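Each chain is listed here by its residues.
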Amino acid sequence: MNKSKMNDRIFDAMLQAAVEEKFQKEMQELPQSKDLGDEYELSQPAQLKIKKMIQKAYRRSALLRIEKISKRVAIILAIIIPTSLGSLLSGEASRNAIFNTLLNWKSDHVDIHYQDRNTSSNIASSTSSSSVIKPTYLPEGFFEVQTVTVGSKSETEYRNNHGIKIFLDQIPLAKEGTIAVDTEHTTRKEIEIQGEKASLFVANTAGDKSYLIWGNHSSSFLLSSKISSDQLVKIAESMKEK
Amino acid sequence: MLLCITAIQNDNDRNIVERLYRENYRWMLYIAKQILKDQDKAEDAVSQTFVKIIDKLQKFSFEDCNKTRGLIGILVKDICYDMLKAEKHQSFIPIDECDLPDNSDDFPFDQLLSKENYQSMLSALSCLSEKSNNILRLKYVYGYSDSEISHFLNISQENVRVRLHRAKAALLQILKERSANNE
């Protein structure tokens, strides 16, 4: 070791000892909280502010952790769900659409964003001319209220006199879109609709919605309602081109 | 299951913050009032310190409660002096804030190892600014790396290195002057 390095080491060692000694002395001289009088009491607004900050930080930290975990879950689901939902839709176009699916798994629902990037022109043309498919069966008392078309997505609302609603979303496969499914209060089942695999999210309680997702050669469908899941299946089975 | 574990961890974290708050807010206010001489500003400094504590919670898990208190103290002081600086109350420039020449070459290191010089160094530390003392404490008492210090104080690593260099240079300068006076 050369002289300069040795000098540095000696200086550092002395400095460390001195800093530690000074620190310990200062800590001993500091009064304990219990020995401090009321003049060192925080005002009510300041106490409230700090307590709110702690609450806020707790919530933020919880959200961050959930988000972190959700991202991990999304990666797992990105592998699992395309495999299970991939068989939902028939034909090559359907599979292309599913494999380009981006799943955004949140704490209480799944957003399924899809875009058929591999769609060839003939698929696009066939889907662009896809006809409207509607149910031939509706539970007793239900009637069609309206159909709203936003972009490529159309949503038909059915209602009965008790105000219970059924929504039917239809989205062409070759277009971009998002299906949001509230999975928090549901139990997922694999079923078949018109010979094609489908996913049924059955509501856990009467107050929650059930969801049914399936597809055919040109469109994907989402039925959602608070009516029984059996009725949703019946409606789906009755779907025909009009 | 994952979510359950997460919830427990968060509850623990919240308990730690709440305990730190209950046990320390009074003397934090005591330190802040000593520096800022104003109840409202001192309370603001304590609040700001808690924001940092929450942000860097993993740093406050010492078994030695004096170390926890010391680290909280460093944060309170750092925030208070930042507040003073922002208000431009600081009309003087501490010796370690100046650009000092690296004059270690002509320092009689062979005479450094003595009780007198150690005492001189101890008292010279009091001449340094609180900011420099904070850096030295984080470096030598807590053993933090430059990167950890920069993260803890929200300053750049370059700034940490500059402050450390200036603190040491200032100490050498003081020791040299005292040594010359004794001669």
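Residues numbered from 1 in each chain as written. Chains lettered and ligands numbered in written order. Predicted model: local features only at pLDDT ≥ 70, side-chain atom pairs only at ≥ 80, totals over all residues.

1. Here we look at the overall build of chain A
And then number 1: Per the secondary structure count, chain A includes 5 helices and 12 strands.
And then number 2: Sequence-distant contacts in chain A: of pairs separated by 6 or more residues, those separated by 24 or more amount to 52%. (Helix = DSSP H or I, 4+ residues; strand = E, 2+ residues; numbered from the N terminus. Contact = placed C-beta atoms within 7 Å.)

2. A short note on the overall build of chain B
And then number 1: Of regular secondary structure, chain B possesses 7 helices and 0 strands.
And then number 2: The N-to-C order of helical and strand elements in chain B reads α-α-α-α-α-α-α.
And then number 3: For chain B, with 183 residues in total, the buried portion stands at 34%.
And then number 4: Counted over contacts in chain B with a minimum sequence separation of 6, partners at least 24 positions apart contribute 70%. (Buried ≥ 20, exposed ≤ 12 C-beta atoms within 10 Å, placed from the backbone.)

3. Some remarks on the packing of helix H2 (residues 39-55) of chain B against helix H3 (residues 65-86) of chain B
All names here are of chain B.
And then number 1: H3 packs onto H2 with a crossing angle of 125° between their chain directions and a minimal axis gap of 9 Å. Between H2 and H3, the interaxial angle falls into the category oblique. Handedness of the H2/H3 crossing: right-handed. Contacts from Lys41, Ala45, Gln48, Thr49, Lys52 and Ile53 in H2 reach Ile72, Leu75, Val76, Ile79, Cys80 and Met83 in H3.
And then number 2: By residue class, the composition of the contact of H2 with H3 is 8 nonpolar, 2 polar and 2 charged. (Axes fitted to C-alpha atoms, helices over the stretch in contact; angles between N-to-C directions. Parallel < 35°, antiparallel > 145°, perpendicular 65-115°, else oblique. Left-handed = near helix turned anticlockwise from the far one by under 90°. Nonpolar A, V, L, I, M, F, W, Y, C, P; charged D, E, K, R; others polar.)

4. Some points on the pairing of strand S11 (residues 219-225) of chain A
Residues and elements named next belong to chain A.
And then number 1: For S11, a buried count of 7 out of 7 residues is recorded, marking the element as mostly surrounded by other parts of the structure.
And then number 2: Burial of S11 is two-sided: the residues Ser219, Phe221, Leu223 and Ser225 facing one way and the residues Ser220, Leu222 and Ser224 facing the other way are all buried.
And then number 3: As judged from the 7 bridges shared by strand S6 (residues 165-172) and S11, these two strands associate in the antiparallel manner. Bridge pairing links Phe167 to Ser224 in S11. (Pairing = 2+ DSSP bridges.)

5. Description of the environment of Asn117(B)
All names here are of chain B.
And then number 1: Mapped onto the secondary structure, Asn117 falls in helix H4 (residues 115-125).
And then number 2: On the basis of neighbour counts, which here come to 19 C-beta atoms within 10 Å, the residue Asn117 falls in the partly exposed class.
And then number 3: For the pair Asn117 and Leu175, spaced 58 residues apart in the sequence, the C-alpha separation amounts to 7.4 Å.

6. Focus on the confidence of the model for chain A
Residue and element names in this part refer to chain A.
And then number 1: Averaged over chain A, the pLDDT score is 71; the fraction of residues at 70 or greater is 62%.
And then number 2: Confidence scores differ between elements of chain A, with helix H4 (residues 121-128) showing the lowest mean pLDDT of 37 and helix H5 (residues 229-237) the highest of 93.
And then number 3: Below a pLDDT of 50 lies the segment residues 75-108, which in the model reaches 67 contacts outside its immediate sequence neighbourhood of four places, other chains included. (pLDDT = per-residue confidence, 0-100.)

7. Some thoughts on the environment of Lys33(B)
Residues and elements named next belong to chain B.
And then number 1: Here Lys33 lies in helix H1 (residues 2-36).
And then number 2: Under the C-beta neighbour-count criterion, Lys33 is labelled partly exposed, with 19 such atoms within 10 Å.
And then number 3: In this structure the C-alpha to C-alpha distance between Lys33 and Glu43, which are 10 residues apart in sequence, comes to 8.3 Å.
And then number 4: Apart from residues lying up to four places away in sequence, Lys33 is in contact with Gln39 and Ala42.

8. As for the nonpolar core
And then number 1: Of all hydrophobic cores here, the largest spans 50 residues; its most connected members are Met28(B), Leu29(B), Ala32(B), Ala45(B), Val46(B), Val76(B) and Leu171(B).
And then number 2: No other element matches H1(B), which puts 11 residues into this core.
And then number 3: Two domains each donate at least three residues to this core, and these are domain 1 (1-91) and domain 2 (94-183) of chain B.
And then number 4: Look past the residues within four positions of Ala32(B) in its chain and what remains in contact with it is Ala42(B), Ala45(B), Val46(B), Val76(B) and Cys80(B).
And then number 5: Formed by 21 residues, the second largest nonpolar core is a distinct cluster that contains Leu212(A), Trp214(A), Ala236(A) and Met239(A). (Core = buried A, V, L, I, M, F, W, Y, C linked by C-beta atoms within 7 Å. Domains from an automatic or database assignment.)

9. Comments concerning H2(B)
And then number 1: Compared with the 24 Å implied by 1.5 Å per residue over 17 residues, the 24 Å span of H2(B) between its first and last C-alpha is a close match.
And then number 2: Taken residue by residue, H2(B) has Ala42(B), Glu43(B), Ala45(B), Val46(B), Ser47(B), Thr49(B), Phe50(B), Ile53(B) and Ile54(B) as its buried positions. (Expected span 1.5 Å × (residues − 1).)

10. Quick look at the pairing of strand S8 (residues 186-193) of chain A
All names here are of chain A.
And then number 1: With 8 bridges joining them, S8 and strand S9 (residues 196-203) adopt antiparallel strand pairing. Within S9, the position partnered with Ile191 by the bridge is Ala198.
And then number 2: As consecutive antiparallel partners, S8 and S9 are separated by 2 residues, and within that stretch Gln194 has a phi angle of approximately 50°, a positive value.

11. Quick word on unusual backbone geometry
And then number 1: In this model, Gln194(A) sits at a positive phi of 50°, which is unusual for a non-glycine residue.
And then number 2: Here Gln194(A) lies in the loop between S8 and S9.
And then number 3: In this structure, Asn154(B) takes a positive phi of about 55° despite not being glycine.
And then number 4: As for its position among the elements, Asn154(B) is in the loop between helix H6 (146-153) and helix H7 (157-182).

12. Looking at the environment of Ser210(A)
Residues and elements named next belong to chain A.
And then number 1: Among the secondary structure elements, Ser210 is positioned in strand S10 (residues 210-215).
And then number 2: Sequence separation between Ser210 and Ile227 is 17 residues; the distance between their C-alpha atoms is 7.5 Å.
And then number 3: Excluding anything up to four places from it in sequence, Ser210 contacts Thr186, Phe201, Val202, Ala203, Ser225, Ser229 and Leu232.

13. Overview of the packing of H3(B) against helix H5 (residues 130-140) of chain B
All names here are of chain B.
And then number 1: For the pair H3 and H5, interaxial distance at closest approach is 10 Å and the crossing angle is 150°. By the angle between their directions, the pair H3 and H5 is classed as roughly antiparallel. Where H3 crosses over H5, the two elements pack in a sense that is left-handed. Counting all contacts with H3, which are made through Gly70, Ile74, Lys77, Asp78 and Tyr81, the residues of H5 involved are Glu130, Lys131, Asn134, Arg137 and Leu138.
And then number 2: Classifying every residue of the contact of H3 with H5 by side-chain character gives 3 nonpolar, 2 polar and 5 charged.

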